[in-house]
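Report on the structure
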Amino acid sequence: MNRKRALKADTFKTKKWKSGSVSLFRVQEIGASVAHEGPADIKASLEYLMSLFPRKLFNDTLPPVVLKHQLYSIQSDKTLVDRHLNELREQGEVLMFQLGFDSESIGVVFAADFKAKVLATEAGRETGSMEKFLSTVLPCCDISVDKKKMLKELLFTDSEITQLVKCGVLTVKDAGSWWLSIPNSGKFIKYFIQGRKAVLGMIRKSKYSEMLKSDLEERQPTSQVKFPIKYHIHDVVGAELVDCIQTTAGMLLRVVNS
Amino acid sequence: MLSFLFGRQTGLDDPLRLKQAESTRRVLCLELNPDRNVERIHGNGINTIDIEVIEGRYMLSGGADGVVVIYDLENHSRNLQYTCKAVCTVGRSSRHVHKFSVETVQWYPHDTGMFTSSSFDKTMKVWDTETLKATSFYFCCLLLLYNCTVHSVPLNHLHCLSSVGTKNPKVQLCDLKSGSCIQVLQGHRGEVLSVRWSPRYEHILATASTDSSVRLWDVRRASGSLFTLNQFNEDLSKSSSEAANTAHNGRVNGLCFTSDGLFLLTTGTDDRMRLWETATGANTLVNYGKVVNESRKGLKFAVSRGCSPDFAFVPCGSSVAVYAVHSGKLVTMLRGHYSNVDCCVFHPDYQELYSGGKDSNILAWVPTPRTPDTEEEQGSKKGGSQAALNPAFEDAWSSDED
């Protein structure tokens, strides 16, 4: 109901722009005023989420990975989040990967972290093709790359492509195209899916399949859950697997029955 | 509101601005009104509704039992309480009735003398409204018809082509004047669940299919589709297989152009709705969140016309979700049906929404009337000496001496 009244008031009110002052409760509605701050906001949220990622668990072989929909649980406007994330990707600060377990889940990694980890894991072996990959493929392809482009435009040879697939940076998508991927991400995906299932199970087991967010954060997670529980809460809220309901006692999470 | 009226009067504002502001306000307060309902004729679920373009007075509906009903939407009685009556019905007893469920009905765009209907009995029928007789197009591939659309914008140099999407991956174009199928569009690899003509260019057609792709065609071209919509905005070369080009991660079952024809909305069984630019096929990356979609056949949804932020009305389960098209926000969920909602259609002149579902009801969502100002009420009570008496004090016998 609040949403409708706010939009109704918007259509009839002419917004007067005074220099230097922005009306208080309209800031979220007016994308223009926060447009220049948008990417910075997203970056700050990304950094916060990256801090929740457990590096020790993977012995530092994996750069911190965050899922795109976790950002939706922090910022309310999904379209703006998507657009700003795209801007960051075009600037080369952030990389997006199709994680593979769910067609909608896209993982986000800081480009600097990714490059560092990839070069570190390749330190022992021959790194020629990897460096070429990092400098040419990453800036121009977003989520997948196809054979013609690799061979003709970027001048990779077949053996170099095979090497990249072996290292784990490319994963087969189709007969002539590949997804970009994070090497050694198999373990991450396994723990992630396990943890998500366990957290949803915890909420489902409680009475009426709902739980206060603060209660959930304090609960002792089972051994299945390897990541900090806040990481999973952001994931489950952003992917709309639970409904968020504001109550007088705080945020309530209720599992969506499908 | 008064400032808008003043602006229009003095010429400060474009006349369209007042219309758009008021239309938007009306759409934002849509709700079920106890004073308005639609007569219940169908015995089974309602699959499709269409309102004619010329006057916006007559509404067609097609049901799962093959019955087609025409309703009169205008209120000529002086009462506030109004039921939209059925003007005529093509019932089960009619000789020309469809044998199985009717999937799409559509008025002929130039006048209400004719309408078309397509059904699961593998025929598309063209009906004469006066006599309710039909001629049928039989499809030699003898497959289920999911969707047929006639170009719905009355333009001068209009072709009378009707496009039909069937279980066959080929899209067929039928000419209503000559009565035969004149063209076949090849390119899809799965059943074609939804077809739509663009309201802006009369030769552009969009088709959606179970192979997760959406194609845009120019029917004047002999070779294949113009392009396929790709959700990642990738530049896929021709050497990679076509399976890589997906608009959705599941079946695509709903298509709707915005009223200016510049954008196309698609919904798929991956619970997502996407907005595309028709000129380039680029994904505008507007995120609507999870749009629950479990429909096995085509989903018919509507986009508002004439409002300043346009709204999309999408049936989700047993309610209709209203989204702002360009920002992706969910405005509200219209709840009222008892079972799944299959189709909805927007009446642009009165900003009303009609939705039909499996509970065999058509519900009319009407903008809430403005409450009268409290000042005016008190004024009229004090002022008029002939103010209405409280009905409890009115006497029941006649005042005549006789």
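Residues numbered from 1 in each chain as written. Chains lettered and ligands numbered in written order. Predicted model: local features only at pLDDT ≥ 70, side-chain atom pairs only at ≥ 80, totals over all residues. Heavy atoms only, no water.

Before going further, it helps to examine the overall build of chain A. Summing up its helical and strand segments, chain A has twelve helices and nine strands in all. A buried classification covers 46% of the 258 residues belonging to chain A. Taking contacts inside chain A between residues at least 6 apart in sequence as the whole, the part at least 24 apart equals 61%. Surface exposure of chain A reaches about 13,500 Å², of which carbon and sulfur atoms provide 52%. (Helix = DSSP H or I, 4+ residues; strand = E, 2+ residues; numbered from the N terminus. Buried < 20%, exposed > 50% of the residue type's maximum accessible area, 1.4 Å probe, protein only. Contact = heavy atoms within 4.5 Å. Areas by Shrake-Rupley, 256 points an atom, 1.4 Å probe, with all protein chains shown as cover.)

On to the overall build of chain B, then. For chain B, the helix and strand inventory stands at three helices and 29 strands. Here chain B holds 402 residues, and the buried ones make up 54% of them. Taking contacts inside chain B between residues at least 6 apart in sequence as the whole, the part at least 24 apart equals 47%. In the structure as shown, chain B presents an accessible area of about 18,700 Å², 50% of it carried by carbon and sulfur atoms.

Ranked by size, the top nonpolar core spans 53 residues in total, and within it A:Leu46, A:Phe114, A:Phe133 and A:Phe188 carry the most contacts. Apart from residues lying up to four places away in sequence, A:Phe188 is in contact with A:Phe53, A:Phe58, A:Leu62, A:Val65, A:Leu67, A:Leu99, A:Phe227 and A:Tyr231. B:Val27, B:Leu30, B:Cys344 and B:Phe346 belong to the second-largest nonpolar core, a separate cluster that totals 18 residues. (Core = buried A, V, L, I, M, F, W, Y, C linked by side-chain atoms within 4.5 Å.)

A word on the confidence of the model for chain B. The predicted coordinates ought not to be read in detail in places where the model reports low pLDDT. Residues and elements named next belong to chain B. Residues of chain B with pLDDT of at least 70 account for 84%, and the chain-wide mean is 81. Counting contacts from residues 151-157, a segment whose pLDDT is below 50, to residues more than four positions away or on other chains yields 20 contacts. Low pLDDT, under 50, characterises residues 237-241; the predicted model gives this stretch six contacts beyond four residues in sequence or across chains. If you check the scores for this complex, the pTM reads 0.80 and the ipTM reads 0.73. (pLDDT = per-residue confidence, 0-100.)

What follows deals with the environment of B:Pro367. Inspection of the secondary structure puts B:Pro367 in strand 29 (residues 362-367). Every residue in contact with B:Pro367, bar those within four places of it in the chain, is listed here: B:Arg26, B:Cys29, B:Leu30, B:Tyr350, B:Gln351 and B:Glu352.

Attention now goes to the pairing of strand 8 (residues 102-107) of chain B. All names here are of chain B. Taken across its six residues, strand 8 has six buried, putting it largely inside the fold. Looking at chain direction, strand 8 and strand 9 (residues 114-119) are connected through five bridges and run antiparallel. Residue pairing for strand 9: glutamine 106 is matched across the bridge by threonine 116. Where strand 8 hands over to strand 9, the hairpin turn is made up of six residues, counted between the paired strands. (Pairing = 2+ DSSP bridges.)

Before going further, it helps to examine the sheet that holds strand 18 (residues 214-218) of chain B. All names here are of chain B. Reading across from one edge, 16-17-18-19 is the order of the four strands in this open sheet, with antiparallel pairing throughout. Single-partner strands in this sheet number two, and they are strand 16 (192-197) and strand 19 (227-228). As judged from the five bridges shared by strand 17 (residues 204-209) and strand 18, these two strands associate in the antiparallel manner. Pairing of alanine 206 across the sheet is with leucine 216, part of strand 18.

Glancing now at helix 12 (residues 229-238) of chain A. All names here are of chain A. Most of helix 12 sits out of view: nine of its ten residues are buried. Taken residue by residue, helix 12 has Ile229, Tyr231, His232, Ile233, His234, Asp235, Val236, Val237 and Gly238 as its buried positions. Just beyond helix 12, the residue with positive phi is glutamate 240, at close to 60°.

Sheet strands associate in pairs through backbone hydrogen bonding, adopting either a parallel or an antiparallel arrangement. Residue and element names in this part refer to chain B. A sheet is described by the order of its strands in space; here four strands give the open sequence 1-29-28-27, paired in antiparallel fashion. At either margin of the open sheet sits one strand with a lone partner, and together these are strand 1 (30-32) and strand 27 (341-347). With direction set aside, neighbouring strand axes in the sheet form an average angle of 30°. Examined bridge by bridge, strand 1 and strand 29 share three bridges and lie antiparallel to one another. Each residue of the ladder has a partner; that of leucine 32, found in strand 29, is tryptophan 365. (Axes fitted to C-alpha atoms, helices over the stretch in contact; angles between N-to-C directions.)

What follows is about the domain arrangement of chain A. Domain parsing of chain A yields domain 1 (3-110), domain 2 (127-180) and domain 3 (186-255). Just the C-alpha atoms count here: the centres of domain 2 of chain A and domain 3 of chain A sit 37 Å apart. (Domains from an automatic or database assignment.)

Quick look at the pairing of strand 8 (residues 242-247) of chain A now. Regular strands place their side chains on alternate faces of the sheet. Residues and elements named next belong to chain A. Pairing of strand 8 with strand 9 (residues 250-255), which is carried by six bridges, proceeds in the antiparallel orientation. Of the residues in strand 9, the one forming a bridge with valine 242 is valine 255. Where strand 8 folds back on strand 9, the antiparallel hairpin that results is connected by two residues.

The next thing to look at is the confidence of the model for chain A. Per-residue confidence for chain A gives a mean pLDDT of 78, with 81% of residues at or over 70. Within the model, pLDDT remains below 50 along residues 14-36 of chain A, and this stretch shows 14 contacts once partners closer than five positions in the same chain are excluded.

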